[in-house]
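# Examining the three-dimensional arrangement
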Amino acid sequence: MSALRKKFGDDYQVVTTSSSGSGFNQPAPEKKRKRQRFVDKNGRCNVQHGNLGGETSRYLSDLFTTLVDLKWRYNLFVFILTYTVAWLFMAFMWWIIAYIRGDLNRTHDDKYTPCVANVYNFPSAFLFFIETEATIGYGYRYITDKCPEGIILFLFQSILGSIVDAFLIGCMFIKMSQPKKRAETLMFSEHAAISMRDGKLTLMFRVGNLRNSHMVSAQIRCKLLKSRQTPEGEFLPLDQLELDVGFSTGADQLFLVSPLTICHVIDTKSPFYELSQRSMQTEQFEIVVILEGIVETTGMTCQARTSYTEDEVLWGHRFFPVISLEEGFFKVDYSQFHATFEVPTPPYSVKEQEEALLMSSPLMAPSLCNSGERNSLDCLELLEDTESAAAAATSKLPAKLQKMTGRDGLPRKLLRMSSTASEMTYSLGDLPMKLQRISSVPGVAEAHRHLEADRHLDSSDRHMGSAKTAKMGADPMSQSVADLPPKLQRMAGGCGGRMDGHLPPKLRKMNSERFT
């Protein structure tokens, strides 16, 4: 345990997902009613077709597939029954020919040539058919050239026997070579897990291949089965939704040599966008996992399936690593294939986390509104609340400072050319008016002005004479600064000297007309 904590951190706690490892002092868990599954853990689909009516005749139109799909006991019964009926029928035909020709009554006549030698009853006719069909040929019973009807029946027997052999033996061969048993060596984890990976909430499960032979072109898909009701009132039982497990990036194409962890990132496009740890206790859904690939040894397509219900998804868990580097090879420990351990994971859904981030950062509201992540009404309400907060904060300032901060009427070119302490406020001239009001909050602009004022304090003292001359001029902004305290006068003097001192005469004249 100490080595595990050293490797994964002190916040992690090992959790065994199997029921055999529970302690004696732990209370017995409440017995939950068994959930009806659409797909069992072994991949069998719990679907039965009923009330087919006259559609059952469609099964006979594809008789070969129908026989292959039958269970083994029924398949063997059809196999034995077909051969038995065919043999008895052909033996009866040979006995009929011997009976019509009178061969049964002249068995001891040496001068008479029968159709089939040494056939004098039904058992002898049956033995003759078996010897002919199986190409045994003991030499005691044989067909003669004095029986043309026997020659025709012999040809019919050969053709019918070849058809029956091809049909039944081919059916048995296909059934035995089906790759369904190959799926028994493809493993899925008993539980799925939800935790953070690469900074995103992710649904994860694990797949593995027990054989050394590879699965060629292995591909994995996930379906979410969940009943829902449309806005028009239509109820859709077991509606199928696609879960993206890397289709756009090619991550769904697997190189299944060692166990892999399949990931589904929960984002705005995911059906689990609003799923949280609390809501998962009341949700009912089923995740169907389908793994397909070509068996390397036979070249046949194999499909393995499993499913996870809502009570088999562990929130805040992560899978144990099972691969270790040995001397000259990599070792896979399948004893830890299903094991998980707890990791710190927020219990909120992705939607709730985005809303919390939005509320904690009001300056991000315009960008989120433009990106379409929120509806228009929410964006308008958020902008109105931000505007009212900025207006209330500005109204608490003195009248002189309000005049200094409220520079919405300046031309845009002057705002871009400004490099004074109020450069942060004036540089927002090209932004929308609502964002300019947000940026005029004293907590943002005033702190920046004080920082720039301290930086240029010495230069303001050296140019005090020019500041006094500018204060005595006709500039309305300099006259209003005369009533401020000495420190603010130095700040305003540095600002005015930098803003107007480097401008051409024509622009200085336009600037003075703007303030008058």
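Everything discussed here concerns the structure shown above.
The following paragraphs examine the structure supplied in this document. Residue numbers restart at each chain and count upward from 1, following the sequence in its written direction. Per-residue local features of the predicted model are confined to residues with pLDDT of at least 70, and side-chain atom pairs are confined, for both listing and counting, to 80 or more; whole-chain, interface and lining totals are unaffected and use all residues. Hydrogens are left out, water is left out, and the side-chain values use all remaining heavy atoms of the structure.

### Some words on the overall build of the chain
Selection criterion: Strands are runs of DSSP state E lasting at least 2 residues, helices are runs of H or I lasting at least 4, and numbering of each runs from the N terminus. Three labels apply to residues, based on accessible area from a 1.4 Å probe with only protein chains included: buried if under 20% of the type maximum, exposed if over 50%, partly exposed otherwise in between.
Assigned secondary structure in the chain consists of 19 helices and 15 strands. Counting across all 516 residues of the chain, residues that qualify as buried make up 33%.

### Quick notes on the state of the cysteines
The test is simple: Put simply, a disulfide is two cysteine sulfurs that come within 2.5 Å.
Taken as a whole, this structure holds one disulfide when the rule is applied. Each sulfur of the disulfide joining Cys115 and Cys147 lies 1.9 Å from the other. The sign of the -75° torsion about the S-S bond sets the Cys115-Cys147 disulfide as left-handed. Residue Cys115 is located in the loop between helix 4 (72-101) and helix 5 (122-133), and its partner Cys147 is located in the loop between helix 5 and helix 6 (148-176); the two are separated by 32 residues in the primary sequence. Given a relative accessible area of 0%, Cys147 falls into the buried group.

### Some points on unusual backbone geometry
At Asn118, a residue that is not glycine, the phi angle is positive and equals roughly 65°. Residue class for Asn118 comes out partly exposed when judged on its relative accessible area of 29%. With a phi close to 50°, Thr135 is a non-glycine residue in the positive phi region. Along the chain, Thr135 falls in the loop between helix 5 and helix 6. Judged by its relative accessible area of 66%, Thr135 falls in the exposed class.

### Notes on the packing of helix 4 against helix 5
Heads up, the rule is: Helix axes are fitted to C-alpha atoms over the stretch in contact, other axes to C-alpha atoms as well, and angles between N-to-C directions run from 0 to 180 degrees. In what follows, roughly perpendicular refers to angles from 65 to 115 degrees, roughly parallel to angles under 35, roughly antiparallel to angles over 145, and oblique to any angle outside these ranges. Crossing handedness follows the turn of the near helix against the far one: under a right angle anticlockwise gives a left-handed crossing, and clockwise gives a right-handed one. The criterion used for residue contact is that any of the two residues' heavy atoms lie within 4.5 Å. Amino acids outside the nonpolar list (Ala, Val, Leu, Ile, Met, Phe, Trp, Tyr, Cys, Pro) and the charged list (Asp, Glu, Lys, Arg) are all regarded as polar, and Gly is one of them.
One way to put it is that helix 4 packs onto helix 5 with a least axis distance of 8 Å and a crossing angle of 120°. Our classification of the angle between helix 4 and helix 5 gives oblique. Helix 5 is crossed by helix 4, and the crossing has right-handed handedness. Across the interface between the two elements, Ala86, Trp87, Leu88, Met90, Ala91, Phe92, Trp94 and Trp95 from helix 4 touch Phe122, Ala125, Phe126, Phe128, Phe129, Ile130 and Glu133 from helix 5. Per-class residue counts for the contact of helix 4 with helix 5 are 14 nonpolar, no polar and one charged.

### Brief notes about the nonpolar core
For clarity, the cut-off: Nonpolar cores were defined as sets of buried Ala, Val, Leu, Ile, Met, Phe, Trp, Tyr and Cys residues, with membership established by side-chain atoms within 4.5 Å.
Counting residues in each nonpolar core, the largest one holds 35 residues, and the members touching the most others are Phe205, Ile220, Phe272 and Ile287. Residue assignment for this core shows that the elements contributing at least two residues are strand 2 (186-188), strand 3 (192-197), strand 4 (200-209), strand 5 (215-229), strand 9 (286-295), strand 10 (301-309) and strand 11 (313-315). If one sorts the elements of this core by residue count, strand 5 sits on top with five residues. In this structure Ile287 touches Leu203, Lys223, Leu224, Leu243, Phe272, Thr306, Ser307, Tyr308 and Val313, once residues within four positions along its chain are discounted. Judged by nonpolar contacts, the second largest core, of eleven residues, contains Cys115, Val116, Ala125 and Phe129.

### Structural notes on a nonpolar patch on the surface
Selection criterion: Every patch collects residues that have over 30% relative accessible area and no salt bridge, joining them within 9 Å if they carry like charges and within 5 Å if they are nonpolar side chains (Val, Leu, Ile, Met, Phe, Trp, Tyr). Using the Shrake-Rupley algorithm and a 1.4 Å probe, accessible areas are obtained, with residue cover drawn only from the displayed protein chains. Each salt bridge in this description consists of a side-chain nitrogen of Lys or Arg and a carboxyl oxygen of Asp or Glu lying within 4 Å of one another.
On the surface, Phe64, Trp72, Leu76, Phe173, Ile174 and Met176 cluster together to form a nonpolar patch covering roughly 580 Å² of accessible area. At the level of secondary structure, the elements contributing two or more residues to the nonpolar patch comprise helix 4 and helix 6. One can find Leu76 in helix 4. On the basis of relative accessible area, Leu76 is assigned to the partly exposed category, the value being 40%.

### Thoughts on the pairing of strand 6 (residues 235-243)
Along any regular strand, the residues point their side chains to alternate faces of the sheet. Note the cut-off: Pairing between strands is defined by DSSP: at least two bridges between them are needed.
Pairing between strand 5 and strand 6: seven bridges, direction antiparallel. In the strand pairing of strand 6, Lys223 is matched with Glu242. Between strand 5 and strand 6, which pair antiparallel in sequence order, lie five residues; one of them, Gly233, sits at a positive phi of approximately 95°.

### A closer look at the packing of helix 5 against helix 6
Relative to each other, helix 5 and helix 6 sit at 65°, their axes nearing to 11 Å. Considering only the axes of helix 5 and helix 6, their crossing is right-handed. When helix 5 is examined against helix 6, the residues Phe129, Thr132 and Glu133 are found in contact with a partner set consisting of Phe154, Gln157, Gly161 and Asp165. Partitioning the contact of helix 5 with helix 6 into residue classes produces two nonpolar, three polar and two charged.

### Details of the packing of aromatic side chains
Quick note on the threshold: Note on aromatic contacts: the rings of Phe and Tyr and the six-membered ring of Trp form a pair at centre separations within 6.5 Å, being stacked when their planes are under 30 degrees apart, edge-to-face when over 60 apart, and tilted otherwise. Over a ring means this: the NZ of a Lys or the CZ of an Arg is within 6 Å of the ring centre and within 35 degrees of the ring normal.
One pass over the full model with this rule turns up ten aromatic pairs. The rings of Phe79, Tyr83 and Trp87 are connected pair by pair, giving a single aromatic cluster. Cation over ring: Lys175 sits above Trp72, and NZ or CZ is 5.4 Å from the ring centre. Here the guanidinium or amino end of Arg206 rests over the ring plane of Phe337, the centre of that ring lying 5.8 Å away.

### Some details on the environment of Val265
Considering the arrangement of structural elements, one finds Val265 in strand 8 (residues 260-265). Remark: the alpha-carbon pair of Val265 and Met204, spanning 61 residues in sequence, is separated by 8.7 Å. Those residues in contact with Val265 that lie beyond four places of it in its chain are Lys200, Leu201, Thr202, Asp244 and Ser270.

### Focus: the pattern of salt bridges
Counting across every chain of the model gives eleven salt bridges. Here Asp40 ties to Arg44 by a salt bridge, and the two come within 3.0 Å at their closest N and O atoms. Under the relative-accessibility criterion, Asp40 is labelled buried at 15%. When salt bridges that share partners are traced, they join Arg37, Lys41 and Glu312 into one network.

### Notes on the environment of Val322
Note on placement: Val322 falls in the loop between strand 12 (317-319) and strand 13 (323-325). The buried category is assigned to Val322, whose relative accessible area is 6%. Separated by ten residues in sequence, Val322 and Val332 have C-alpha atoms that sit 5.5 Å apart. Setting aside residues up to four positions removed in sequence, Val322 forms contacts with Arg206, Pro259, Lys331, Val332, Asp333, Gln336 and Phe337.

### Looking at the side chain of Arg206
Stated formally: Any pair of nitrogen or oxygen atoms within 3.5 Å is treated as a polar contact; in protein, a donor-acceptor pairing is required on top of that, and neighbouring residues in sequence qualify only through side-chain atoms on both sides.
Relative to the elements of secondary structure, Arg206 occurs in strand 4. Among the polar contacts listed, one links the side chain of Arg206 to the backbone oxygen of Phe337, at a separation of 3.3 Å.

### Some details on the pairing of strand 10
Here strand 9 pairs with strand 10 via nine bridges, running antiparallel. Opposite Val288, over in strand 10, you have Ser307 as the bridge partner. Where strand 9 folds back on strand 10, the antiparallel hairpin that results is connected by five residues, among which Gly299 adopts a positive phi of roughly 75°.

### Focus: helix 4
Note the threshold: Here the expected length of a helix is defined as 1.5 Å per residue gap, with one fewer gap than residues.
Taking 1.5 Å as the rise per residue, helix 4 with 30 residues should run 44 Å; its terminal C-alpha atoms sit 44 Å apart, in good agreement. Here helix 4 has its buried residues at Asn75, Tyr83, Ala86, Met90, Ala91, Trp94, Ile97 and Ala98. On its buried face, helix 4 sits against helix 3 (63-69), helix 5 and helix 6. At the C-terminal side of helix 4, Gly102 shows a positive phi close to 80°.

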